[in-house]
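Chain by chain, the residues:
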Amino acid sequence: MNANPNVIPMQPAPSSLVRDFLARKPRLLINNEWVESRSGKTLPVYDPASGREIARVPDAGSEDVNRAVAAARAAFDSGPWSEMLPKAREALLWKLADLIDRNAEELAELESVDNGKTRFMASIIDVPGTRDYFRYMAGYATKIEGVTMQTSIGGMPGAKFHTYVAREPVGVVAQIVPWNFPLAMAAWKLAPALAAGCTCILKPAEQTPLSALRLGELIIEAGFPPGVVNILTGLGESTGAALVAHPGVDKVAFTGSTEVGKIINKAATDTLKRVSLELGGKSPMIVLPDADVGQAVGGAAMAIFFNAGQVCTAGSRLYVHAKIFDKVIEGLSGAASAIRLGPGLEQSTEMGPLVSKEQQERVLSYIESGKQEGASVAAGGEALSHPGYFVKPTVLVNVKPQMRVVKEEIFGPVVVAQRFDDLDDVVKAANDSPYGLGASIWTNNLSAAHRLVPRIKAGTVWVNCHNMVDAAMPFGGFKSSGIGREHGRAAIELYTESKSVCMLV
Ligand code: NAI
Ligand code: MG
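Keep in mind the model is a prediction, meaning the values are calculated, not measured.

**What to know about the overall build of the chain**
Part 1: When you go through the chain residue by residue, the secondary structure sums to 17 helices and 22 strands.
Part 2: A principal-axis box enclosing the C-alpha atoms of the chain has dimensions of 75 × 60 × 40 Å.
Part 3: Across the 505 residues in the chain, those meeting the buried criterion constitute 56%.
Part 4: Sequence separation of 24 or more characterises 74% of the internal contacts of the chain that already satisfy a separation of 6 or more.
Part 5: A total of about 20,500 Å² of accessible surface is found on the chain, and carbon and sulfur atoms cover 54% of it.

Structure below.
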């Protein structure tokens, strides 16, 4: 415990499990073999809590992309995977989930030193969530169904037709994921694709490649055949872009910034790849006058400070009815100031650093722009004078709708709070965004909640909660927040093609 919240402990040394993993020198996974990049180039991996380099991983180039696509292609077109019974795919996914469970401590620690989040949060959210996601999707492998229909095809007197629709795996998929939940994002991509019978090339974010590579080891241990899952570490503009352009890739699934989502969508047009995109957000949280102030304060703090605000659905725009605005802001600012920052492996830490120096600078520059445009800082508003990439939990008030801090995704622990009097005004303000990923409504008035839900343009609307995600509940965005829905049956649809069959009998 610290008496002075500005003095934080240094990052404890990692356990021998993590040291052993790093000593194995993570490499590229292609065709179930660990290989160097052809160019021999590598990229540094930093611990965000100290800024120290802790590993180097290969920087995959176009030759490596070609090798991985060839392996995935062969596994899909002619490997044992293409003949495997659905129940065998299901069993492999369950086996992988069991291995994740068995190695949970190590994975949580890796996630912490790679991303900055606390080991504690990784151990109660990211790792069990990943395990459960594989288990949930495993079941779909044996539950992919089609339909039959009666047709009215004319012009052939007496002819009878048997017509049906089958779903088939889409093929080789490139899956490009971000750094905020590295392991869970890998699971959201791999699990439904594998359940559907696709083969995969996963590209983790350059900031956080470690847990995906450990997952790769577990994938081999589980017994997935060669080429079914390939993992390429590298930069977005090179490795990622080469995957998106590759003619041997049938589909691209991406989670990340709206800016890159647009680039990917355009690039994929040349080969007409299937594309699913889960992009940015600027999710509003609307607190109605009857809401319980304590619940709203706790909810708002969780909505924006969970994972240091590096969440695509973070409740980053807070709209509170004038009647309770001051009380909610006072409570939220108090909660923000009480959060203990520190390195992720330290037990007393409540919030870790941001993922990278770049992200820290980006978030601080947003705070600066807000101040310059006239916003007031009710809590936080600055970095810590400490080596890691820390930003204090920040509450900005006196903000105006046209300010950059209100319009743009900050992706850090920064909330902008505005008061409202009129429901129509707040609906307009909430929807006044190019994004439409998440939103939450806080009220005990059932009728008000039901009347408001249909007016909010977002892929998920929470009531009296925020950031609740489940494998069964479709997830994705309206407008510039993306294309397609992940989770549930929707995810299986993303990784299958529909085939209509019409037989003259
Ligand atoms: P990014 O969108 O550049 O990176 C996400 C993934 O895309 C990484 O794996 C990256 O290597 C890859 N990538 C980047 N450029 C690519 C390209 N041209 N072709 C193919 N793949 C490419 O996100 P970045 O730069 O790390 O963060 C910038 C901002 O993006 C954040 O501040 C945040 O606002 C937003 N973001 C949103 C996320 C979300 O979950 N919605 C996740 C990460 C970032
Ligand atoms: Mg980028």
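Next comes the rest of the description.
**Brief notes about the packing of aromatic side chains**
Part 1: Using the criterion set out here, one finds 6 aromatic pairs in the structure.
Part 2: With 5.6 Å between their ring centres and 65 degrees between their planes, Tyr-136 and Tyr-140 make a pair best called edge-to-face. Pair noted here: Tyr-136 and Tyr-140 are both in helix 6 (residues 119-140), with a separation of 4 residues, about one helical turn.
Part 3: Ring-pair connections join several aromatic residues into one group, and the members of that group are Tyr-133, Trp-188 and Phe-475.

**Regarding the pattern of salt bridges**
Any two side chains of opposite charge can pair if their charged atoms end up close together.
Part 1: Scanning all chains against the criterion turns up 25 salt bridges.
Part 2: As a salt-bridge pair, Glu-382 and Lys-392 come within 2.6 Å of each other at their nearest N and O atoms. Taken together, the residues Glu-382 in the loop between strand 14 (376-379) and strand 15 (394-397) and Lys-392 in the loop between strand 14 and strand 15 connect sequence positions 10 residues apart.
Part 3: What you see here is one network of salt bridges that share partners, running through Arg-24, Glu-106, Arg-214 and Glu-217.

**Describing the nonpolar core**
Part 1: In this structure, Phe-134, Phe-224 and Leu-318 are the most contacted members of the largest nonpolar core, which totals 119 residues.
Part 2: In terms of residue count, helix 7 (residues 182-196) provides more of this core than any other element does, 12 residues in total.
Part 3: With sequence-adjacent residues up to four places away left out, Phe-224 is seen in contact with Asn-32, Trp-81, Leu-92, Leu-93, Leu-96, Leu-194 and Ile-219.
Part 4: Counting residues in hydrophobic clusters, the runner-up holds 25 residues, among them Ala-60, Ala-71, Phe-76 and Leu-232.

**Some words on the site of ligand 1**
Part 1: Not every one of the 26 residues close to ligand 1 is listed here, only the nearest: Trp-179, Glu-206, Ser-257, Arg-362 and Glu-409.
Part 2: Between ligand 1 and Val-177 there is a distance of 2.8 Å, counted from an oxygen atom to a backbone nitrogen or oxygen.
Part 3: Take Glu-409: an N or O atom from its side chain is 2.8 Å from an oxygen atom of ligand 1.
Part 4: Burial of ligand 1 by the protein chains amounts to 90% of its free accessible area of 800 Å².
Part 5: The biggest single contributor to the shell around ligand 1 is helix 9 (residues 236-245), with 3 residues.
Part 6: For the shell around ligand 1, a count of residues per class yields 13 nonpolar, 9 polar and 4 charged.

**Remarks on the side chain of Gln-360**
Part 1: Along the chain, Gln-360 falls in helix 13 (residues 357-372).
Part 2: A polar contact is formed between the side chain of Gln-360 and the backbone oxygen of Phe-390, at a distance of 3.1 Å.
Part 3: The residues contacting Gln-360, other than those within four sequence positions of it, are Leu-354, Ala-383, Gly-388, Tyr-389, Phe-390 and Val-391.

**What to know about the sheet that holds strand 5 (residues 147-149)**
Part 1: In spatial order, the strands read 5-6-22; together these 3 strands make up an open sheet with antiparallel pairing. In this open sheet, the two edge strands, each paired with only one partner strand, are strand 5 and strand 22 (496-504). With strand direction ignored, the average angle separating the axes of adjacent strands in the sheet is 20 degrees.
Part 2: Pairing of strand 6 (residues 161-169) with strand 22, which is carried by 9 bridges, proceeds in the antiparallel orientation. Within strand 22, the position partnered with His-162 by the bridge is Met-503.

**Description of the sheet that holds strand 14**
Part 1: On the basis of which strands lie adjacent, the open sheet formed by 7 strands has the order 14-15-16-13-12-18-19 and mixed pairing. In this open sheet, the two strands that pair with only one neighbour each are strand 14 and strand 19 (460-463). Sheet twist, expressed as the average angle between the axes of neighbouring strands with direction ignored, equals 25 degrees.
Part 2: Pairing analysis gives 3 bridges linking strand 12 (residues 283-287) to strand 18 (residues 438-442), with the strands arranged parallel. Bridge pairing in strand 18 links Ile-286 to Ile-441.
Part 3: Sheet strands in contact with helix 11 (residues 293-305) are strand 12, strand 13 (315-321), strand 15, strand 16 (414-420) and strand 18, and its direction is about 175 degrees off that of strand 12.

**With respect to the packing of helix 7 against helix 8 (residues 210-222)**
Part 1: Two elements in contact, helix 7 and helix 8, have axes separated by 8 Å at closest approach and are oriented at 50 degrees. One way to sum up the angle between helix 7 and helix 8 is to call them oblique. Regarding helix 7 and helix 8, the two cross each other, and that crossing is right-handed. Contacts between helix 7 and helix 8 involve Pro-182, Leu-183, Ala-186 and Leu-190 from the former and Ser-211, Leu-215 and Ile-219 from the latter.
Part 2: Its residues placed into classes, the contact of helix 7 with helix 8 shows 6 nonpolar, 1 polar and no charged.

**Examining the side chain of Ser-356**
Part 1: Along the polypeptide, Ser-356 turns up in the loop between helix 12 (322-338) and helix 13.
Part 2: Polar side-chain contacts of Ser-356 include one of 3.0 Å to the backbone nitrogen of Gln-359.
Part 3: If we ignore the near neighbours within four places in the chain, the residues touching Ser-356 are Gln-207 and Tyr-389.

**Here we look at the pairing of strand 10 (residues 251-255)**
Part 1: Among the 5 residues in strand 10, 5 count as buried, and that is most of the element.
Part 2: What you see with strand 10 is no split at all: Lys-251, Ala-253 and Thr-255 on one side and Val-252 and Phe-254 on the other are buried throughout.
Part 3: Summarising the sheet, strand 7 (residues 172-176) and strand 10 pair through 4 bridges and their orientation is parallel. By the bridge assignment, Gln-175 is partnered in strand 10 with Ala-253.

Conventions we followed
Residues numbered from 1 in each chain as written. Chains lettered and ligands numbered in written order. Predicted model: local features only at pLDDT ≥ 70, side-chain atom pairs only at ≥ 80, totals over all residues. Heavy atoms only, no water. Helix = DSSP H or I, 4+ residues; strand = E, 2+ residues; numbered from the N terminus. Buried < 20%, exposed > 50% of the residue type's maximum accessible area, 1.4 Å probe, protein only. Contact = heavy atoms within 4.5 Å. Areas by Shrake-Rupley, 256 points an atom, 1.4 Å probe, with all protein chains shown as cover. Phe/Tyr/Trp six-rings, centres within 6.5 Å; stacked < 30°, edge-to-face > 60°. Salt bridge = Lys/Arg side-chain N within 4 Å of Asp/Glu carboxyl O. Core = buried A, V, L, I, M, F, W, Y, C linked by side-chain atoms within 4.5 Å. Near = heavy atom within 4 Å. Polar contact = N/O pair within 3.5 Å; in protein donor to acceptor, adjacent residues only side chain to side chain. Nonpolar A, V, L, I, M, F, W, Y, C, P; charged D, E, K, R; others polar. Pairing = 2+ DSSP bridges. Axes fitted to C-alpha atoms, helices over the stretch in contact; angles between N-to-C directions. Parallel < 35°, antiparallel > 145°, perpendicular 65-115°, else oblique. Left-handed = near helix turned anticlockwise from the far one by under 90°.

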